[in-house]
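# Overview (structure and organization)
Below are the chains, spelled out letter by letter.
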Amino acid sequence: MEMKNVPQGVEANLPFPRQYGSELLVIRKGRGVWLQDIAGKTYLDFAGGIAVNALGYGRADLARTAYRQMRKINHISNLFTTEPALALARAMLARGPWKFSSVFFGNSGTEANEAALKYARLHAMRTKGPGHEKLLCFSGAFHGRTIGSLSCTPTPKYQAPYLPLLPGVAVAPYNDVQALRSTLTDGFAGVIVEVVQGEGGLACMTPEFAEALNETCRKTNTVLIVDEVQTGITRTGTFYASEGVGLQPDLITLAKPLAGGLPLSAVLIPDKIHDVIHQGDHGTTFGGGPVTTAVALKVWETVNQPGFQARVKDAGDFLSQGLEGLRSRHSSVGEISGRGLLRGFEYKGGDVKDLLARLQQKGMLALRTGTNMLRIAPPLVITKNEIQKGIDIIEEALQ
């Protein structure tokens with residue numbers, strides 16, 4: 001494996017496994033929505049660290065928060081707690097539109113989903129009894145790479161090397177109301193679903209499917225887990241993507257943007273599940289540490305400031321208009337998918353990897369999703385001028 005854009009005198013080999021590819025671009029620093037590599041070349045960031053860096057780069061307020069907390073205490077484990085963890089949990093529980101009674105902090109999206117799957121089975125065991133342990137996921141889903149989350153990620157290229165996976169997992173077609181109602185029975189403990197499928201081509205849940213999920217989960221006393229790891233915290237124009245389609249979650253999982261780039265995840269838990277959890281049923285060593293929760297509280301306060309959500313929605317609409325313009329001018333731009341500042345389009349001009357390489361050459365970083373789609377997930381602080389600059393770069397690359 002080699003580094004890209006390596007200045008003279010810098011070692012060109014990287015001690016990483018092959019799973020990361022044959023070459024890696026080495027980034028040195030960033031400011032706002034712009035990044036710079038070790039050779040000094042700048043890039044407009046339309047990837048956001050895979051939708052993680054919601055507030056961009058080089059923020060002094062987040063750096064000060066982390067520094068001040070590090071000077072106090074950096075780790076204490078889950079045998080105790082700290083003021084930042086308590087303050088963050090209370091702030092998260094105070095925000096609507098749904099009422100949750102507790103928060104489990106972890107370190108990553110897949111860990112949050114693992115916890116939620118365990119809570120769903122725990123709830124079924126203690127309210128319905130044995131024989132109600134099945135889990136339901138949907139085609140196109142991506143919920144993580146640990147064994148439980150991977151078992152609910154029905155994509156052969158991810159699952160095949162690790163078979164057999166967790167038993168008792170069923171798969172239904174996404175957005176298929178009839179299939180949902182015929183599949184989901186009393187024997188299930190939980191359903192896990194994304195409102196916008198981050199790795200599944202940015203397919204969006206329909207309001208009809210959301211209502212069917214609400215109704216069927218209530219009818220069968222099945223825990224509805226909504227994976228908002230990539231869509232939560234304003235990414236899609238509403239604070240939770242669930243709000244935009246009328247979905248009523250039992251558990252919400254959060255991670256990517258929660259701590260401004262530091263590893264932190266959360267599961268929001270309602271009374272009916274909190275009441276069946278006993279001491280020792282689940283745990284974590286690093287989750288909810290004082291530094292990550294201190295920074296996350298600053299992020300939470302920032303994204304909940306008046307006008308922030310409206311600006312994100314406005315930026316998402318502007319991005320959508322720009323992509324529609326590209327589609328009208330270029331036959332290689334196919335269907336446009338996604339919501340808010342999580343958007344993408346089907347690339348009909350060849351392999352999307354080639355388009356990503358051209359974009360990088362021209363000074364933009366973007367992502368892929370699905371079979372051959374370009375995915376865009378910039379920092380939420382991006383301006384319309386910066387979005388237009390990105391559209392112009394994509395236009396050049398398409399030509």
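Scroll up to find the structure.
Let me sum up the structure you'll find in this document. Since this is a predicted model, take the numbers as computed values, not measurements.

### Digging into the overall build of the protein
- Secondary structure summary: the protein contains 14 helices and 17 strands in total.
- Seen through its principal axes, the protein has C-alpha atoms that stretch 65 × 55 × 45 Å.
- For the protein, with 399 residues in total, the buried portion stands at 52%.
- A separation of at least 24 residues holds for 71% of the contacts in the protein among residues at least 6 apart in sequence.
- For the protein, the accessible surface area stands at approximately 17800 Å², while carbon and sulfur atoms represent 51% of it.
- Between the averaged position of the 42 positive side-chain charges in the protein and that of its 36 negative side-chain charges there is a distance of 4 Å.

### Some words on the nonpolar core
- Core analysis: the largest hydrophobic core is formed by 58 residues, its most contacted members being Met92, Phe345, Leu359, Leu374 and Ile394.
- Considering each element in turn, this core owes the most residues, seven residues, to helix H11 (residues 290-303).
- Contacts of Leu374, omitting those with residues within four sequence positions, involve Arg343, Gly344, Phe345, Val352, Leu355, Leu356, Leu359, Ala366, Leu367 and Ile394.
- Judged by nonpolar contacts, the second largest core, of 28 residues, contains Leu136, Phe138, Phe209 and Ala212.

### Notes on the pairing of strand S13 (residues 333-339)
- Of all seven residues making up S13, five are buried, and the element is well covered by its neighbours.
- Bridge analysis of S13 against strand S14 (residues 342-347) gives five bridges, and the strand direction is antiparallel. Among the inter-strand pairings, Arg339 is bridged to a residue of S14, identified as Leu342.

### Things to note about the pattern of salt bridges
- With the rule as written, the count across this model stands at nine salt bridges.
- Of the charged contacts, one joins Glu199 and Arg375 as a salt bridge, the two residues approaching to 3.0 Å between their closest N and O atoms. Of this pair, Glu199 sits in the loop between strand S9 (188-193) and helix H8 (207-220) while Arg375 sits in strand S17 (residues 373-376), and the two are 176 residues apart along the sequence.
- Note that Asp250 is salt-bridged to Lys272, the shortest N-O span being 3.3 Å. Here Asp250, found in the loop between helix H9 (241-245) and strand S11 (251-254), pairs with Lys272, found in helix H10 (residues 271-274); they are 22 residues apart in sequence, far enough to count as distant.

### Here we look at the state of the cysteines
- This model, assessed by the stated rule, comprises zero disulfides.
- Looking at Cys204, it has no disulfide partner, and the nearest cysteine sulfur is the one in Cys137, 19 Å off.
- Counting only cysteine sulfurs, Cys137 is the nearest neighbor of Cys217, a cysteine outside any disulfide, at a range of 13 Å.

### With respect to helix H13 (residues 352-361)
- Taken together, the buried positions of H13 are occupied by Val352, Leu355, Leu356 and Leu359. Down the axis of H13, the buried set is contained in an arc of 100°. They therefore lie on one face. Exposed residues lying more than 90 degrees from the buried face of H13 are Lys353 and Gln361.
- Those residues of H13 that are buried lie in contact with S14, strand S15 (364-365), strand S16 (367-369), S17 and helix H14 (384-398).
- The residue sitting at the N-terminus of H13 and contributing the capping side-chain oxygen is Asp351; that oxygen lies 2.9 Å from the backbone nitrogen of Lys353.
- Backbone geometry just after H13 places Gly363 at a positive phi near 100°.

### Overview of the sheet that holds S17
- An order of S13-S14-S17-S16 is seen for the four strands of this open sheet, with the pairing classed as antiparallel. One side of each edge strand has no neighbouring strand; the edge strands of this open sheet are S13 and S16. The sheet shows a mean angle of 30° between the axes of neighbouring strands, direction not considered.
- Pairing analysis gives three bridges linking S16 to S17, with the strands arranged antiparallel. Bridge pairing in S17 links Arg368 to Leu374.
- With respect to the sheet, helix H12 (residues 308-329) is in contact with S13, S14 and S17, its orientation differing from that of S13 by roughly 170°.
- Across the sheet, H13 is in contact with S14, S16 and S17; its angle to S17 comes to roughly 45°.

### Description of the pairing of S11
- Because side chains alternate across S11, one face comprises the buried residues Leu251 and Thr253, and the other comprises Ile252 and Leu254, equally buried.
- Here three bridges tie strand S10 (residues 223-227) to S11, and the two strands are oriented parallel to one another. From the neighbouring strand, Val226 faces S11, where its bridge partner is Ile252.
- Pairing analysis gives three bridges linking S11 to strand S12 (residues 265-269), with the strands arranged antiparallel.

### Regarding the environment of Ala66
- As for its placement among the helices and strands, Ala66 is situated in helix H2 (residues 60-72).
- Judged by relative accessible area, which is 18%, Ala66 ranks as buried.
- For the pair Ala66 and Lys298, spaced 232 residues apart in sequence, the C-alpha to C-alpha distance is 9.9 Å.
- When residues no more than four places from it in sequence are discounted, the contact partners of Ala66 are Val291 and Val295.

### Thoughts on the packing of H12 against H14
- Running from N to C, H12 and H14 point in directions that differ by 20°, and their axes come no closer than 10 Å. Regarding the angle of H12 to H14, the classification is roughly parallel. For the pair H12 and H14, the sense of crossing is right-handed. From H12, Asp314, Ala315, Phe318, Leu319, Gly322, Leu323, Leu326 and Arg329 reach across to H14, where they touch Lys384, Ile387, Gln388, Ile391, Ile394, Glu395 and Leu398.
- Tallied by class, residues from the contact of H12 with H14 come to nine nonpolar, two polar and four charged.

Calculation rules
- In this convention, every chain numbers its residues from 1, walking through the sequence in written order.
- With the structure being a predicted model, the display of local features is reserved for residues of pLDDT at least 70 and the display and counting of side-chain atom pairs for 80 or more, all residues being used for whole-chain, interface and lining totals.
- Excluding hydrogens and water, the side-chain figures rest on all heavy atoms present in the structure.
- Numbered from the N terminus, helices here are DSSP runs of H or I no shorter than four residues, and strands are runs of E no shorter than two.
- For every residue, the accessible area (1.4 Å probe, protein chains only) is compared with the maximum for its type, and the residue is labelled buried under 20%, exposed over 50%, or partly exposed between those bounds.
- Any two residues having at least one pair of non-hydrogen atoms within 4.5 Å are treated as being in contact.
- Residue-level accessible areas treat just the shown protein chains as cover; the underlying method is Shrake-Rupley with a 1.4 Å probe.
- Charged-residue counts in this description rest on Lys and Arg as positive and Asp and Glu as negative, His and the chain ends being excluded.
- Positions of charges follow a simple convention, taking NZ of Lys, CZ of Arg, CG of Asp or CD of Glu.
- Think of a nonpolar core as a cluster: buried Ala, Val, Leu, Ile, Met, Phe, Trp, Tyr and Cys residues, connected wherever their side-chain atoms sit within 4.5 Å.
- Strands are treated as partners if at least two bridges between them are detected by DSSP.
- A side-chain nitrogen of Lys or Arg and a carboxyl oxygen of Asp or Glu constitute a salt bridge if their distance falls within 4 Å.
- Cysteine sulfur atoms are paired as a disulfide whenever they come within 2.5 Å of each other.
- It is the directions from the helix axis to the C-beta atoms that the arc portrays.
- Identification of polar contacts relies on pairs of N or O atoms within 3.5 Å, with a donor-acceptor requirement for protein atoms, meaning one able to donate a hydrogen and the other able to accept it, and with residues adjacent in sequence counted only if both atoms are side-chain atoms.
- Each axis is a line fitted through C-alpha atoms, taken for helices only over the stretch in contact, and angles between the N-to-C directions span 0 to 180 degrees.
- Just so you know how the angles are binned, under 35 degrees is roughly parallel, over 145 roughly antiparallel, 65 to 115 roughly perpendicular, and the rest oblique.
- Crossings are assigned a handedness: left-handed for a near helix turned anticlockwise from the far helix by less than a right angle, right-handed for a clockwise turn.
- Polarity classes work like this: nonpolar for Ala, Val, Leu, Ile, Met, Phe, Trp, Tyr, Cys and Pro, charged for Asp, Glu, Lys and Arg, and polar for all others, with Gly in that last group.

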